[in-house]
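# Commentary on secondary and tertiary structure
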Amino acid sequence: MALFVTLWLAGCSDPDWQTKDISGLMPSLAFELIDENGNTVSADQFLGKTTLLFFGFTHCPDVCPTTLSRLDAATQRMDETARDEIQVLFVSVDPRRDDAETLDSYTDAFGPQFIGLTGDKAALDKLTRRYRVTYGYGEEDSEGNYDVSHSSAVFAFNAQGEARLLIRDSDPMEAVVADL
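Residues numbered from 1 in each chain as written. Predicted model: local features only at pLDDT ≥ 70, side-chain atom pairs only at ≥ 80, totals over all residues. Heavy atoms only, no water.

This part takes up the pattern of salt bridges. The final tally for this structure, using the stated rule, is six salt bridges. Linking R96 and E140 is a salt bridge whose minimum nitrogen-to-oxygen distance equals 2.9 Å. You can see R96 sitting in the loop between β5 (86–92) and α4 (100–108) and its partner E140 sitting in the loop between β7 (135–137) and β8 (148–150), a full 44 residues away along the chain. Relative accessible area serves as the criterion here: at 42%, E140 is assigned to the partly exposed category. (Salt bridge = Lys/Arg side-chain N within 4 Å of Asp/Glu carboxyl O. Helix = DSSP H or I, 4+ residues; strand = E, 2+ residues; numbered from the N terminus. Buried < 20%, exposed > 50% of the residue type's maximum accessible area, 1.4 Å probe, protein only.)

Okay, the packing of aromatic side chains next. Across all of its chains, the model carries nine aromatic pairs by this definition. One aromatic cluster is present, built from ring pairs that chain together F54, F90, Y106, F110 and F114. The lysine or arginine in question, R97, covers the ring of Y146, its NZ or CZ lying 3.7 Å from the ring centre. (Phe/Tyr/Trp six-rings, centres within 6.5 Å; stacked < 30°, edge-to-face > 60°. Lys NZ or Arg CZ within 6 Å of the ring centre and 35° of its normal.)

Next up on the list: the nonpolar core. Membership of the largest hydrophobic core comes to 50 residues, with the highest contact counts inside it found for F31, L53, F55, L68, L117, Y131 and F155. Of the residues forming this core, the biggest block, five residues, is contributed by β5. The residues contacting L117, other than those within four sequence positions of it, are F31, L33, I34, D35, V41, F46, L89, F90, V91, S92 and L103. (Core = buried A, V, L, I, M, F, W, Y, C linked by side-chain atoms within 4.5 Å. Contact = heavy atoms within 4.5 Å.)

What follows deals with helix α5 (residues 121–130). By the burial criterion, the buried members of α5 are A123, L124, D125, L127 and T128. Where α5 is buried, its residues meet β2 (32–35), β4 (50–56), β5, β6 (114–118) and β7.

A separate point is the sheet that holds strand β3 (residues 40–42). Strand order in the open sheet formed by eight strands is β1-β10-β9-β4-β5-β6-β2-β3, and the pairing between neighbours is mixed. Each having just a single partner strand, β1 (20–21) and β3 make up the two edges of the open sheet. Relative to β3, β2 runs antiparallel, the two sharing three bridges. Among the inter-strand pairings, I34 is bridged to a residue of β3, identified as T40. Against the sheet, helix α2 (residues 63–76) makes contact with β4, β5, β6 and β9 (154–157), and its axis sits at roughly 165 degrees relative to β4, the strand it touches most. Those strands touched by α4 are β2, β5 and β6, and its axis lies near 155 degrees from that of β6. (Pairing = 2+ DSSP bridges. Axes fitted to C-alpha atoms, helices over the stretch in contact; angles between N-to-C directions.)

Here we take up the pairing of β9. Residue alternation in β9 divides its side chains into two sets, V154 and A156 and F155 and F157, and both sets are buried. Pairing geometry for β9 and strand β10 (residues 163–167), over four bridges, is antiparallel. The residue of β10 that forms the bridge with F155 is L166. In this antiparallel pair of consecutive strands, β9 and β10, the connection spans five residues, and G161 shows a positive phi of 85 degrees.

So, on to the pairing of β4. Put simply, side chains in a regular strand alternate between the two faces of the sheet. Within β4, six of the seven residues are buried, which leaves the element mostly enclosed by the surrounding structure. As defined by bridge partners, β4 adjoins β5 across seven bridges and the pair is classed as parallel. If you follow L53 over to β5, its bridge partner there is L89. Across four bridges, β4 lies against β9 in antiparallel orientation. In the sheet register, F54 faces β9, and the bridge partner there is V154.

This is the structure we're talking about:
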């Protein structure tokens, strides 16, 4: 009987995630980038809160605004205390167009918990390889515009910077809110 109770209690400690559990499958949060204020920042500065990491670009016509709006809607369903414990790091993979001022203006539209980050190609490549994310640039048109392909997945890290969840655009809002 003691073995049964021990096994049962051990099972109770595992969260019943509704989005994709990536605990132990992805590395902890680590990077050195430039924030929306033009300062060099590292992942260590963002420890202490649940951190959502999303890769995109400010000129994105659909995936980025939709994903960031969904994350804002999810956090708005939480009480203020829970909402204050979440930060969203929006990493632009288009540093040519997304300078600090552009990132700051873009993330401000979604709320105070959204923080814009970017870096040079080497820093972005290092970070995207770390989380097995790809991105690429389309052909420039005659006006210099181009599209950037990128993932729509959001990585969720606990307050200690450990990877916990992968939130996909197909996950129901209720599941995202419950897991956050």
